[in-house]
Amino acid sequence: MNELLDDELLQAYADTNYGYGNYQGSYWFVGMEQGGGGSFKDIAKRLRVWKQLGQNELDDLCQYHVDLGVQWLFGEHAKLQPTWNKLIRVVLNAEQQEITVEQVRSYQRDSLGRKDSNNCLLELLPLPSPSIQDWMYAKYSALPQLATRTSYISHYVERRIEHIQQRISEHTPKAVVFYGIQYKDWWKKIADVPFVEVSTDGLLIGKNETTTFVITKHPSTKGVPNEYFHQVGRQITANER
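So, here is what we can say about the structure in this document.

What counts as what
Residues numbered from 1 in each chain as written. Predicted model: local features only at pLDDT ≥ 70, side-chain atom pairs only at ≥ 80, totals over all residues. Heavy atoms only, no water. Axes fitted to C-alpha atoms, helices over the stretch in contact; angles between N-to-C directions. Helix = DSSP H or I, 4+ residues; strand = E, 2+ residues; numbered from the N terminus. Parallel < 35°, antiparallel > 145°, perpendicular 65-115°, else oblique. Contact = heavy atoms within 4.5 Å. Nonpolar A, V, L, I, M, F, W, Y, C, P; charged D, E, K, R; others polar. Buried < 20%, exposed > 50% of the residue type's maximum accessible area, 1.4 Å probe, protein only. Polar contact = N/O pair within 3.5 Å; in protein donor to acceptor, adjacent residues only side chain to side chain. Pairing = 2+ DSSP bridges.

Here the focus is the packing of helix α4 (residues 82-94) against helix α5 (residues 101-110). Following both chains from N to C, one finds α4 and α5 inclined at 100 degrees, their axes separated by 10 Å at the closest point. As the angle between them shows, α4 and α5 are arranged roughly perpendicular. The residues of α5 that touch α4, namely those facing W84, N85, I88, R89, V91 and L92, are V101, Q103, V104, Y107 and Q108. Classifying every residue of the contact of α4 with α5 by side-chain character gives seven nonpolar, three polar and one charged.

A few words on the side chain of S141. Structurally, the position occupied by S141 is in the loop between α6 (137-140) and α7 (149-171). Judged by relative accessible area, which is 10%, S141 ranks as buried. A polar side-chain atom of S141 sits 3.0 Å from the main-chain amide nitrogen of L143. If near-sequence neighbours (up to four positions away) are discounted, S141 is found in contact with L4, D7, L10 and L146.

The next thing to look at is the sheet that holds strand β1 (residues 19-21). Ordered in space as β3-β1-β4-β2-β5-β8-β7-β6, the eight strands form an open sheet in which the pairing is mixed. In this open sheet, the two strands that pair with only one neighbour each are β3 (58-59) and β6 (195-197). Direction of pairing for β6 relative to strand β7 (residues 204-207): antiparallel, over a ladder of three bridges. Residue pairing in the sheet places V196 in a bridge with I205 of β7.

For strand β5 (residues 175-179), a buried count of five out of five residues is recorded, marking the element as mostly surrounded by other parts of the structure. A two-sided burial pattern is seen for β5, the buried positions comprising A175, V177 and Y179 on one face and V176 and F178 on the other. Across four bridges, strand β2 (residues 27-31) lies against β5 in parallel orientation. Of the residues in β5, the one forming a bridge with V30 is F178. Of the strand pairs in this sheet, β5 and strand β8 (residues 212-216) are connected by five bridges, and their pairing is parallel. What sits directly across from Y179, in β8, is T216.

So yeah, pure geometry; function would need other evidence.
The structure is reproduced here in structure tokens:
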């Protein structure tokens, strides 16, 4: 018989948690969902750490991962996380700062997704999963909305789109970067602005009175160079003028 997750806690996490960092920050990054969650043990530990930290809408990226036991992404010799590496390059370029491997490492260690930072990392869908082909939760939960990935998306996506829209309206960040072009219909719905393609490699830009919205390839997309994300930063700066 399978072990079962604490469904009350699981539902609270799915309803409440949106990611890491600071809504007051200038730079917001929105992905489709977190990686991880490949086993019962991993999911249960993630839920337990979230509960211990206070069941927050946004957690501190470093504190959460260190409590999870993932210390190697932080500290003096932090290993660069591939997705974060590219997102950090967007911020550094938008801020017209020097971009070196050590500068990226320093930003990951000290500034990315921190409670008092100038950025936040959000997820459209709430539950971690190793890939969009995997669905572990039907095995470990009795929640009806988690019976299939299809029922999960149907239950959560519209309400989370509305919530992210509300937070953008409240906090008016300088830039919101959506990554994963295959999800552009959801990103366009959140932004609710016209987009134009500004490069031959699928970079889309939109803007309202306060915020520049960018739709990019996913940082882990094979063959996408660092320069692509440097270009995103330059586009954000150019749209401020």
